[in-house]
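# Inside the fold
Read off the chains here:
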Amino acid sequence: MTVRGMLKTAIVATIGFAGVAQAEETVVWWDFLGGGDGVRMKKMIEDFNTAHSGAIKIDATTLEWGTPFYAKVQTSAAVGEAPDIMTYHASRIPLAVKQGVLQELTADDWTAMGLSSADFAPATWDAVTMEGKQYAVPLDTHPIVLYYNKDLLEKAGMLDETGKPKGLDSRDGFTATLQALKDSGVKFPLGSVTADGNFMFRTIYSLMGQQNGALMTDGEFLAGDNGAKLANALGVLADWTKAGLQSTYTDYPATVALFTSGEAAMMINGVWEVPTMTDLNAQGKLFNWGAVELPVIFDKPATYADSHAFAIPANQGKEMPAAKRAAVLEVMSWMSKNSLFWATAGHIPANGAVVASPDYIAMEPNATYSSLTANMIFDPKSPLAGVAGPIFDVMSTYFVPTLNGEMDPAEAVESIKEELNAL
Amino acid sequence: MLTNRRKDALVAAVLVAPFLAIYLLVFVWPTIQMFGISFTDAPLIGSGEWVGLDNYTRLDTDPRFRTAAWNTAYFVLLTVLPGTIVALLIALGVSRLKGRLQAAILALFFLPYILPVSVVYLIWDWVLNFQFGILMHVLDLLGLDRIPIMKTRDWFMPAVGVVTIWWTAGFSILLFLAGLRAIPPEIYEAAALDNAGRWTTFRRITWPLLWPVTSLVFTIQLIAQLKIFDQVYLFSQGGRPNDNMVLVYYVFQRAFQQDQGGRAAAVAVTLFVLVVVVSVLQFQLLRLAGGRK
């Protein structure tokens with residue numbers, strides 16, 4: 001072959017490759033899903049890629065959850081190196097909008113996705129809305145629930161005829177259940193993440209909600225009797241510690257380990273631990289277990305929830321080509337409409353049609369705790385709130401000593417109030 | 001041989017230029033910008049309004065800054081001098097060994113130093129974890145109450161200090177060993193001929209001749225420990241971060257968690273000045289102390 005001939009071939013080959021690359025749109029994806037739900041998300045991505053073979057390909061990377069993830073998103077968006085699509089917590093959207101990290105999803109975008117506000121629960125839709133504009137497509141809502149060991153509860157005589165724990169309707173009732181478990185020889189009636197104040201925020205916030213309390217009103221933290229309501233919530237948990245009814249100074253992995261090893265009879269944790277239990281149970285390594293809505297300790301049922309959503313980063317100095325945007329919208333739309341499998345990760349799909357499907361209604365343990373969707377409360381809409389947000393370290397610093405009996409709840413609330421309002 | 005001075009200077013400039021360019025670009029320029037940002041209310045990304053000295057004056061009444069400064073000072077106290085002494089003692093011990101045994105023992109002491117901080121954290125969490133830690137089972141055996149070491153204010157800093165010394169002593173030991181080997185054996189032979197005891201030999205020969213290395217180790221330790229962050233961050237995740245606050249953690253919290261670049265920069269500048277002043281002062285003092293002998 002002559003030199004000229006080789007050159008020709010090379011040019012043809014280059015053009016040919018470029019043609020192929022243009023035909024298949026690659027969507028760069030970042031998520032923070034490292035647990036059992038991450039495994040399920042990888043399966044969904046695979047399914048998507050198979051269904052869109054030759055047209056769209058998701059190139060996914062999983063990053064460290066929390067501050068590392070959000071710091072990386074913020075810095076990479078500022079220099080135009082952010083991905084095309086990313087998972088985002090709805091509770092972080094107020095801060096993200098202030099930072100200018102997210103692109104608005106326009107009415108045309110929603111039309112292109114074939115989705116609208118009618119497809120989501122009002123609270124969930126509201127969680128991705130800031131000043132009338134939407135910034136993300138909700139994939140799920142993920143509340144916390146009460147996990148329980150049926151074998152241990154049965155032994156203590158604390159299982160009712162429907163197979164749920166007794167005493168879920170009042171503080172006294174639930175404390176009596178814990179006490180009965182203790183008396184039957186269980187080491188920790190309740191496995192509590194008492195070494196991690198960030199995590200306990202979810203439980204404590206739920207207990208505040210059960211008293212109609214709010215963390216933030218008119219931009220002020222713990223105004224009026226909300227401080228007293230926080231103290232009540234902390235007091236319940238501190239009393240359980242005092243009575244030896246829950247595990248002390250226990251971090252997240254240790255709590256799950258205490259529960260799965262049968263040392264703790266119950267555990268309040270996120271629905272994202274459902275796959276852990278399902279998988280262990282399938283391997284024959286777990287007792288009979290169940291999950292129900294949180295007990296009503298105060299006046300009414302209320303459960304903290306957040307929402308995993310999909311968002312498009314606002315890459316500085318980089319306009320997203322129309323073809324790419326269409327591909328990203330197709331990803332978000334497909335994920336939302338095919339989120340039934342996501343429910344096996346414990347999460348409640350945000351798409352109403354999926355939740356109404358017979359397959360979902362028959363799914364356990366989701367069906368048992370799905371009653372809580374009516375009682376979900378989200379984070380206050382403030383740039384200071386949200387997972388791993390500014391208020392986290394303040395809360396945690398005072399929650400940990402209070403929950404372990406080192407500090408008086410009222411004293412903790414005074415300090416929290418002072419520090420939060422100084423943010 | 002004839003040399004062309006001008007040509008030499010040119011060659012030198014060309015050789016230094018790449019380093020200088022990179023140094024100016026990724027160190028000096030950002031540092032200057034950091035000083036600039038510290039006078040504004042900028043968020044983490046982007047610019048802000050000029051606020052004068054506000055970010056600095058508010059540090060005076062900022063309780064969390066005070067906690068951070070105290071904890072940093074406490075940590076320096078707990079690690080710098082003890083760390084240097086521990087390393088010196090181990091180096092003296094290791095230097096008495098010979099051949100393969102010496103290499104093996106040295107490797108054992110050096111091993112922790114090559115571990116990344118996340119691994120160090122995991123190892124010590126397995127030891128200190130309140131529910132499952134090995135140490136807790138030892139306490140149970142001894143009939144003592146379990147201690148939530150990383151979750152209480154009183155135990156936290158001393159425990160992180162111990163972990164840090166365990167982790168970083170290896171490097172100081174190497175420096176000390178090099179210093180010990182540089183002392184000519186004839187001096188020890190002469191001392192032995194003069195019937196000098198072990199203690200006298202150490203005090204009159206080893207210690208003064210090792211002084212330059214000792215002051216170097218001390219200075220390196222001081223600067224490194226003033227910048228403590230990783231261990232404190234990892235061990236207080238979800239626990240009591242604001243009680244365990246140290247200066248670099250405070251910079252991180254203001255910048256990355258609270259999105260306040262200006263205030264974070266002010267703390268960073270304060271720490272920068274502190275490190276420069278303390279290390280210059282300290283090195284001069286050590287030199288004076290050494291020069292007297």
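Treat the numbers as computed from the prediction; the structure is a model and nothing was measured.

So, about the sheet that holds strand β14 (residues 308-311) of chain A. Working definition: the strands of a sheet are paired by backbone hydrogen bonds and lie parallel or antiparallel to each other. Residue and element names in this part refer to chain A. Taken in spatial order, the 5 strands make up an open sheet running β2-β1-β3-β14-β6, and their pairing is mixed. A strand with exactly one partner marks an edge of an open sheet, and here the two such strands are β2 (56-62) and β6 (137-138). For strand β1 (residues 25-31) and β2, the ladder comprises 7 bridges, and the chain directions are parallel. Paired with V27 across the strands is I58, a residue of β2. The strands touched by helix α2 (residues 36-51) within the sheet are β1, β2 and β14, with β2 carrying the most contacts at an inclination of about 165°. Of the strands in this sheet, β1 and β3 (85-89) are in contact with helix α3 (residues 67-78), which crosses β3 at around 135°.

Here we come to the interface of chain A and chain B. Across the boundary between the two partners, chain A contributes 32 residues, which contact 26 residues of chain B. Taking both partners together, chain A and chain B bury about 2400 Å²; carbon and sulfur atoms supply 53% of that area. Its largest share of buried area at the contact with chain B, chain A owes to Y249(A), D393(A) and T397(A), together 24% of the area lost on that side. Viewed at the interface, chain B and chain A are joined by 2 salt bridges. Inspection of the region where chain A meets chain B yields 11 residue pairs in polar contact (both at pLDDT 80 or more). Those elements that place two or more of their residues in the side of chain A that touches chain B are α3, α9 (197-209), α11 (252-260) and α17 (390-403) of chain A. Per-element accounting of the side of chain A that touches chain B gives the leading share, 7 residues, to α17(A). Each residue belonging to the side of chain A that touches chain B can be placed in one class, and the counts come to 15 nonpolar, 12 polar and 5 charged.

With that out of the way, let us pick up the pairing of strand β7 (residues 140-149) of chain A. All names here are of chain A. Of all 10 residues in β7, 10 are buried; the element is thus mostly enclosed. For β7 and strand β15 (residues 348-349), the ladder comprises 2 bridges, and the chain directions are antiparallel. The residue of β15 that forms the bridge with T141 is I348. Looking at chain direction, β7 and strand β13 (residues 303-306) are connected through 2 bridges and run antiparallel. For P143, the partnering residue across the bridge sits in β13 and is A305. Relative to strand β11 (residues 264-270), β7 runs antiparallel, the two sharing 5 bridges.

Turning our attention to the packing of aromatic side chains. The final tally for this structure, using the stated rule, is 39 aromatic pairs over all chains. Ring geometry for F110(B) versus Y113(B): centroids 5.5 Å apart, planes at 45°, classification tilted. A relative accessible area of 33% places Y113(B) in the partly exposed class. The residue whose ring lies beneath R92(A) is Y70(A), and the NZ or CZ to ring-centre distance is 4.1 Å.

Moving on: the packing of helix α8 (residues 185-193) of chain B against helix α9 (residues 198-226) of chain B. Residues and elements named next belong to chain B. Relative to each other, α8 and α9 sit at 165°, their axes nearing to 11 Å. Relative to α9, the element α8 lies roughly antiparallel. The element α8 and its partner α9 pack so that their crossing is right-handed. Contacts between α8 and α9 involve I187, Y188 and A191 on the former and, on the latter, T201, I205, T206 and L209. In terms of residue class, the contact of α8 with α9 is made up of 5 nonpolar, 2 polar and no charged.

Before going further, it helps to spend a moment on the pattern of salt bridges. Inspection of every chain in the model, using the stated rule, returns 17 salt bridges over all chains. For R40(A), the salt bridge goes to D279(A), with nearest N and O atoms at 3.2 Å. Here R40(A), found in helix α2, pairs with D279(A), found in helix α12 (residues 274-282); they are 239 residues apart in sequence, far enough to count as distant. Classification of D279(A) as partly exposed rests on a relative accessible area of 34%. D62(B) is paired through a salt bridge with R254(B); the nearest N and O atoms lie 3.9 Å apart. Placement of D62(B) in the loop between α2 (54-57) and α3 (63-96) and of R254(B) in helix α11 (residues 247-257) is noted, with a sequence separation of 192 residues between them. In this structure D62(B) comes out as buried when scored by relative accessible area, which is 8%. Assessed through its relative accessible area of 6%, R254(B) is described here as buried. Salt bridges sharing common partners tie together E406(A), R153(B), R240(B) and D243(B).

Moving on to the pairing of β1(A). All names here are of chain A. With 5 of 7 residues buried, β1 lies mostly within the body of the structure. Assessed by its sense of winding, the connection that carries the chain from β1 through α2 to β2 is right-handed. In this sheet, β3 lies alongside β1 in parallel orientation, the contact comprising 2 bridges. Of the residues in β3, the one forming a bridge with W29 is I85.

Glancing now at the confidence of the model for chain B. All names here are of chain B. Confidence in the prediction of chain B, expressed as mean pLDDT, is 91, and 98% of residues score 70 or more. Ranking the elements of chain B by mean pLDDT puts helix α12 (residues 261-291) last, at 87, and helix α7 (residues 153-181) first, at 95. For this predicted complex, the interface confidence comes out at an ipTM of 0.81, alongside a pTM of 0.85.

With that settled, the discussion passes to the packing of α3(B) against α7(B). Residue and element names in this part refer to chain B. For the pair α3 and α7, interaxial distance at closest approach is 7 Å and the crossing angle is 40°. When the interaxial angle is binned, α3 and α7 end up oblique. Here α3 runs over α7; the crossing is right-handed.

Criteria and cut-off values
- Residues numbered from 1 in each chain as written.
- Chains lettered and ligands numbered in written order.
- Predicted model: local features only at pLDDT ≥ 70, side-chain atom pairs only at ≥ 80, totals over all residues.
- Heavy atoms only, no water.
- Pairing = 2+ DSSP bridges.
- Helix = DSSP H or I, 4+ residues; strand = E, 2+ residues; numbered from the N terminus.
- Contact = heavy atoms within 4.5 Å.
- Axes fitted to C-alpha atoms, helices over the stretch in contact; angles between N-to-C directions.
- Buried area = accessible area lost by both parts, 1.4 Å probe.
- Salt bridge = Lys/Arg side-chain N within 4 Å of Asp/Glu carboxyl O.
- Polar contact = N/O pair within 3.5 Å; in protein donor to acceptor, adjacent residues only side chain to side chain.
- Nonpolar A, V, L, I, M, F, W, Y, C, P; charged D, E, K, R; others polar.
- Buried < 20%, exposed > 50% of the residue type's maximum accessible area, 1.4 Å probe, protein only.
- Phe/Tyr/Trp six-rings, centres within 6.5 Å; stacked < 30°, edge-to-face > 60°.
- Lys NZ or Arg CZ within 6 Å of the ring centre and 35° of its normal.
- Parallel < 35°, antiparallel > 145°, perpendicular 65-115°, else oblique.
- Left-handed = near helix turned anticlockwise from the far one by under 90°.
- Right-handed = clockwise from strand over helix to strand, strands pointing away.
- pLDDT = per-residue confidence, 0-100.

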